[in-house]
Amino acid sequence: MLVSVRQISNGGKRSKKKIYHRDYQLDKVMDLQKKPSLILQLKSIIQSQKHQRLLLRDLEKEVGFVAKWNFMSIIEKYPSIFRVGGGSGKELPFVTLTGKAEKIAREEGEARNLMEPILVKNLRKLLMLSIDCRVPLEKVELIGNELGLPQDFKKSLIFKYPEYFSVKDINGRAYLNLESWDSSLEVTAREERFGREGMLQSAGGQKKSRIMKDGNYLGPFAFKMCYAAGFRPNNSYLEELEKWQKMEFPSPYLNARRFEVADPKTRKRVVAVLHELLSLTMEKRMISAKLDAFHSEYRLPSKLLLCLIKHHGIFYITNKGARSTVFLKEAYDGTRLVDKCPILTFNDKFVALSGRNETGHVAI
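It should be emphasised that the depicted structure is a prediction, and the values quoted were computed from it without experimental measurement. (Residues numbered from 1 in each chain as written. Predicted model: local features only at pLDDT ≥ 70, side-chain atom pairs only at ≥ 80, totals over all residues. Heavy atoms only, no water.)

1. Structural notes on the sheet that holds strand 10 (residues 315–318)
1) Next: Taken in spatial order, the three strands make up an open sheet running 9-11-10, and their pairing is antiparallel. Where the open sheet ends on each side, the last strands, each with one partner, are strand 9 (285–287) and strand 10. With direction set aside, neighbouring strand axes in the sheet form an average angle of 20°.
2) Next: Pairing geometry for strand 9 and strand 11 (residues 325–328), over three bridges, is antiparallel. The partner of Met 286 across the bridge, within strand 11, is Val 326.
3) Next: Across the sheet, helix 13 (residues 264–279) lies against strand 9, strand 10 and strand 11, angled at about 95° from strand 11, the strand it touches most. (Pairing = 2+ DSSP bridges. Helix = DSSP H or I, 4+ residues; strand = E, 2+ residues; numbered from the N terminus. Axes fitted to C-alpha atoms, helices over the stretch in contact; angles between N-to-C directions. Contact = heavy atoms within 4.5 Å.)

2. As for the sheet that holds strand 4 (residues 82–85)
1) Next: Strand order in the open sheet formed by three strands is 3-5-4, with antiparallel pairing between adjacent strands. The sheet terminates laterally at strand 3 (53–55) and strand 4, the two strands that pair on one side only. Between one strand and the next, the sheet's axes are offset by a mean angle of 25°, whatever the strand orientation.
2) Next: Contacting strand 3, strand 4 and strand 5 (94–97), helix 2 (residues 34–48) runs over the sheet at an angle of about 105° to strand 5.

3. Considerations on the packing of aromatic side chains
1) Next: Under the criterion given, the structure shown has 12 aromatic pairs.
2) Next: Between the aromatic rings of Phe 327 and Tyr 332, the centroid separation amounts to 5.3 Å while the plane-to-plane angle is 75°, which identifies the pairing as edge-to-face.
3) Next: According to the relative accessible area criterion, Phe 327 is buried, its value standing at 0%.
4) Next: Judged by relative accessible area, Tyr 332 falls into the buried class, the value being 8%.
5) Next: Within the aromatic cluster, the residues linked to one another by ring pairs are Phe 221, Phe 223, Trp 244 and Phe 249. (Phe/Tyr/Trp six-rings, centres within 6.5 Å; stacked < 30°, edge-to-face > 60°. Buried < 20%, exposed > 50% of the residue type's maximum accessible area, 1.4 Å probe, protein only.)

As structure tokens, then:
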């Protein structure tokens, strides 16, 4: 499937259409997450109950009338995870976790403990990327699931680390503030990846490097390109891309106010900011509207959608699911997320009880 994106032309000429190539594997990720999402959500609901069991009559109160039937189907389909009891005599029907599911569920605490230093680091980097080293608390909460933050993160993370974070009221709005700068955190995920793969080269080595047919270039300012299978860049496109890949740009951790918006290096820096933001999420993807909510904090382009489309070797926008989602393409090998944090590894293990080999890496 190809999607046409109409380009605005000058001089009243007829506008051209640019083809946006779909990535079926990343589209499929959105489909693969649906049932695992229900399984993990129901697990959390059951665990939140007083006696670790949920009365079936109360399911509608928890999830709503329409969604209730999807959860009833999950309960029936996966007896290896959910056990139904009661229904005889005065005992009302209820659902609880099976013994095997309870055993694995107990491992979640350890996964959460392993996540804590990761979350603290990522929150610090999130604030360091912003122009004033602060972000409205409500916006942090908006992307809490994407970041993997626990529901009580203000108590369990923010107030626990006063040397890193504080919450301050600014003009009647609560902001999460960075208390101390750490230059060691300025290294981006892009730089870490190239460092691991031995792709950072000396100046002499760069001169000998040529861009490859897939758009990749071995250099310290280059981005990993992962074009869709149907995209075939011609020589002219590759020549322009090589210039862009070679072009140096300011670190995304430098204050955006220092740079002219129209400067090509600044525009490339914006791509680096978007890359880093998505890298800070657990699943290296974010709902488009949520990403769009951070315009002022990170000086994102006014035409964010067009920026993402232009750099389709780096980012991918899928309309699968209830809302469009932006993927960091290099983070996936087909439908598989390459690097998983502890909580996603735990989720995979729990959902594997259903007999599914692919969870869609859902974070709850």
